[in-house]
Amino acid sequence: MSYLKKITLAITAAAIVVGFSLSAQAKEWRGWNIHVEGYPNTIAMDKFAELLKEKSGGKMSVKMYHAGTLGSQPDAIEQVRAGALEIGNFNLGPLGPIVPEANVVSLPFIFKDTEHMWRVLDGEAGEIINKGMAKFGIVPLAWYDAGARSFYNSIKPITKPEDVTGMKVRVMNNDLYSGMIAALGGNPSPMAFAEVYQSLKTNVVDGAENNYPSYESTGHFEVAKYYSNSQHLIIPETLCINADVYNALSAEDQKILKEAAQESAMLQRKLWKEREIASKKKVEAGGSTVNEIADKSGFQAAMKPVYDKYLADNPNLKSLVEMIQNTP
Ligand code: BDP
């Protein structure tokens, strides 16, 4: 073989190898997360990215953008739906206004406790919620724990529904939450998560509601000292992917993706339990007053208009509500 021919062959072979590996290597996805460094979700999402790369031999990879650097949650949900972002960790609260089935978890007191929520999500009701999300362009891969949300404010401990009367309370963007505050006689103020600290500090709002880890990680406990354990909402979070991206994957890659997500969720749930305890300790040490509400029946009874409105808007979802209520 002539020298020239050898060179030509070598170049052709190299080009084939380069071309092949370029086409096999998919583009790096982008993942949205609202939480800061060290938060259970942040650690679990980084773990997901690591596992995905490892299990797929580098074929699938995602770069995580934490602390809401890619924008607010309602915007990020739209971006994942549109495929401008591929991955997100979303609370089902802000997803609810888009996906009626997913909104069922935002009915106050629908879950008895977190264990009840897992049983529901692992059963038929969970399937209905999953399918609901897929219809709107989002494929859920695994569930993260977000504990229970309770009220906190800068005025006084809340022990009965009337204590909320007249209070201006920040809620996530979802009519069910505005209805919930209104049903207690308060003034709901829907607002992005990132704006809550300043609004509490400057008394634009009197209070808000969240779980211990978020009350602590955001510093809200520094500016709203009364945390009252109402536990009125137990809302799961989903680690999810854009549906078109998911559907374009091979069955094998979909399996790898789900495995990585499940493993990350197991880690998140373990870290969550630890963080709930640590955050409660931290806010108490920081001067917050935590009170229990032994009898929540007044709060529960006050939620009737919220349920009535949801069922009037979604008559077809009555059976889903009952399915959850009847899940032991
Ligand atoms: C936190 C959720 C986060 C929400 C936030 C909020 O993890 O997704 O954005 O509450 O209240 O508990 O906006």
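These figures come from a predicted structure and were not determined experimentally. (Residues numbered from 1 in each chain as written. Predicted model: local features only at pLDDT ≥ 70, side-chain atom pairs only at ≥ 80, totals over all residues.)

### Comments concerning the nonpolar core
Phase 1 of the analysis: Judged by nonpolar contacts, the single largest core of 81 residues is most densely connected at Phe48, Leu141, Leu239, Cys240 and Ala261.
Phase 2 of the analysis: The biggest single contributor to this core is helix 12 (residues 251-285), with eight residues.
Phase 3 of the analysis: A domain split of this core shows at least three residues from each of domain 1 (27-145 + 236-277) and domain 2 (148-234 + 279-326).
Phase 4 of the analysis: Leaving out residues up to four positions away in the same chain, cysteine 240 has contacts with Val80, Gly88, Phe90, Ile138, Val139, Pro140 and Leu141. (Core = buried A, V, L, I, M, F, W, Y, C linked by C-beta atoms within 7 Å. Buried ≥ 20, exposed ≤ 12 C-beta atoms within 10 Å, placed from the backbone. Helix = DSSP H or I, 4+ residues; strand = E, 2+ residues; numbered from the N terminus. Domains from an automatic or database assignment. Contact = placed C-beta atoms within 7 Å.)

### Quick word on the domain arrangement of the protein chain
Phase 1 of the analysis: Under the domain assignment, the protein chain is made up of domain 1 (27-145 + 236-277) and domain 2 (148-234 + 279-326).
Phase 2 of the analysis: Just the C-alpha atoms count here: the centres of domain 1 and domain 2 sit 23 Å apart.
Phase 3 of the analysis: Residue-level contacts link 32 residues of domain 1 with 30 residues of domain 2.
Phase 4 of the analysis: Only helix 3 (73-82), helix 4 (92-95), helix 5 (114-122), helix 6 (124-135) and helix 12 provide two or more residues apiece to the side of domain 1 that touches domain 2.
Phase 5 of the analysis: A breakdown of the residues in the side of domain 1 that touches domain 2 according to their chemical character gives 19 nonpolar, nine polar and four charged. (Nonpolar A, V, L, I, M, F, W, Y, C, P; charged D, E, K, R; others polar.)

### Observations regarding the environment of proline 305
Phase 1 of the analysis: By the secondary structure assignment, proline 305 is in helix 14 (residues 304-313).
Phase 2 of the analysis: For proline 305 and alanine 194, which are 111 residues apart along the polypeptide, the C-alpha to C-alpha distance reads 29 Å.
Phase 3 of the analysis: Excluding residues within four positions of it along the chain, proline 305 makes contact with Gly179 and Ala183.

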